[in-house]
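One letter stands for each residue in the lines below.
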Amino acid sequence: MALGHVPLRDVLCELVRDRARQHPQIDFSVCADNLMRSYGDSIDLTIYRCLQESLTNVIRHAQAKHVAIELGEAMSEPNANANGTSQLTLTVRDDGCGIDPMAAPGFGLSGMQERAQALGGSCKVDSATGCGTSVRIVIPLHETRS
């Protein structure tokens, strides 16, 4: 499937289904309702690549049994400088072994951070040894979307 020609949700769900077929020992769940068909090429590609990299990391390193993927729009919390704005949030959580706190971040995590920051967003990784990992990508939605 090609980004831009198929709804973002469908492309992401197909990516997850493909990984689930390749790795039947891992239970994947996806919650991605009420999404726009597309958020533009840059955002769609960033979300796709970040999900792809997150799933690759889970499969290669986490020894997880369950992976939960959530994607949706939400309003950011208003702060002293601005009202809340709409944002797209991708969260990938696993129940695996966690990331060694002494390990240097790999190219995949660095790439996700760079992609998110290039769109004014963020990438946060929370992990504890033996307690799984959570990757959260937040992209602000500034302009009119299709």
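Shown above is the structure to which this text applies.
Residues numbered from 1 in each chain as written. Predicted model: local features only at pLDDT ≥ 70, side-chain atom pairs only at ≥ 80, totals over all residues. Heavy atoms only, no water.

Draft legend 1. Quick look at the overall build of the protein chain. Across its full length, the protein chain holds three helices and five strands. Relative to the compact-globule value of 15 Å for 146 residues, the protein chain shows a C-alpha radius of gyration of 15 Å, a close match. Residue burial in the protein chain is summarised as follows: out of 146 residues, 39% are buried. Nonlocal contacts in the protein chain, meaning residues at least 24 apart in sequence, comprise 67% of its contacts between residues at least 6 apart. (Helix = DSSP H or I, 4+ residues; strand = E, 2+ residues; numbered from the N terminus. Rg over C-alpha atoms; globule rule 2.2 N^0.38 Å. Buried < 20%, exposed > 50% of the residue type's maximum accessible area, 1.4 Å probe, protein only. Contact = heavy atoms within 4.5 Å.)

Draft legend 2. A look at the sheet that holds strand β5 (residues 133–140). With mixed pairing, five strands are arranged side by side in an open sheet as β1-β2-β3-β5-β4. Only two strands of the sheet have a single partner each, and these edge strands are β1 (27–31) and β4 (122–127). Strand-to-strand twist of the sheet, defined as the mean angle between neighbouring strand axes without regard to direction, takes the value 10°. When β1 meets strand β2 (residues 66–75), the two strands line up parallel, connected through five bridges. Of the residues in β2, the one forming a bridge with C31 is E70. Its contacts with the sheet place helix α2 (residues 41–62) against β1, β2, β3 (86–94) and β5, and it is angled at close to 10° to β3. Running over the sheet, helix α3 (residues 107–118) touches β4 and β5 and is turned about 145° from β4. (Pairing = 2+ DSSP bridges. Axes fitted to C-alpha atoms, helices over the stretch in contact; angles between N-to-C directions.)

Draft legend 3. Region of interest: the pairing of β3. Most of β3 is tucked away: eight of the nine residues are buried. Pairing between β2 and β3: nine bridges, direction antiparallel. Bridge pairing in β3 places I69 opposite V92. Judged from the eight bridges that link them, β3 and β5 form a sheet pairing that is antiparallel. Pairing of Q87 across the sheet is with P140, part of β5.

Draft legend 4. Spatial organisation of the side chain of T133. Along the polypeptide, T133 turns up in strand β5. Of the polar contacts made by the side chain of T133, one reaches the side chain of S127; its length is 3.0 Å. The residues touching T133, leaving out its near neighbours within four places in the chain, are V92, R93, D94, G98, I99, V125, D126 and S127. (Polar contact = N/O pair within 3.5 Å; in protein donor to acceptor, adjacent residues only side chain to side chain.)

Draft legend 5. Quick peek at the nonpolar core. With 33 residues, the main nonpolar core has I47, L51, I69, L71, L90 and I137 as its most contacted residues. Counting only elements with at least two residues in this core, the list comes to α1 (8–22), α2, β2, β3, α3 and β5. The element contributing the most residues to this core is α2, with eight residues. Excluding anything up to four places from it in sequence, I137 contacts I47, C50, L88, T89, L90, M112, A116, S122 and C123. (Core = buried A, V, L, I, M, F, W, Y, C linked by side-chain atoms within 4.5 Å.)

Draft legend 6. Region of the structure containing unusual backbone geometry. Residue N34 is not a glycine yet carries a positive backbone phi of 55°. Its location among the elements puts N34 in the loop between β1 and α2. The backbone of Q63 shows a phi angle near 55°, a positive value even though the residue is not glycine. Summarising the element assignment, Q63 is placed in the loop between α2 and β2. What makes Q63 exposed here is its relative accessible area of 68%.

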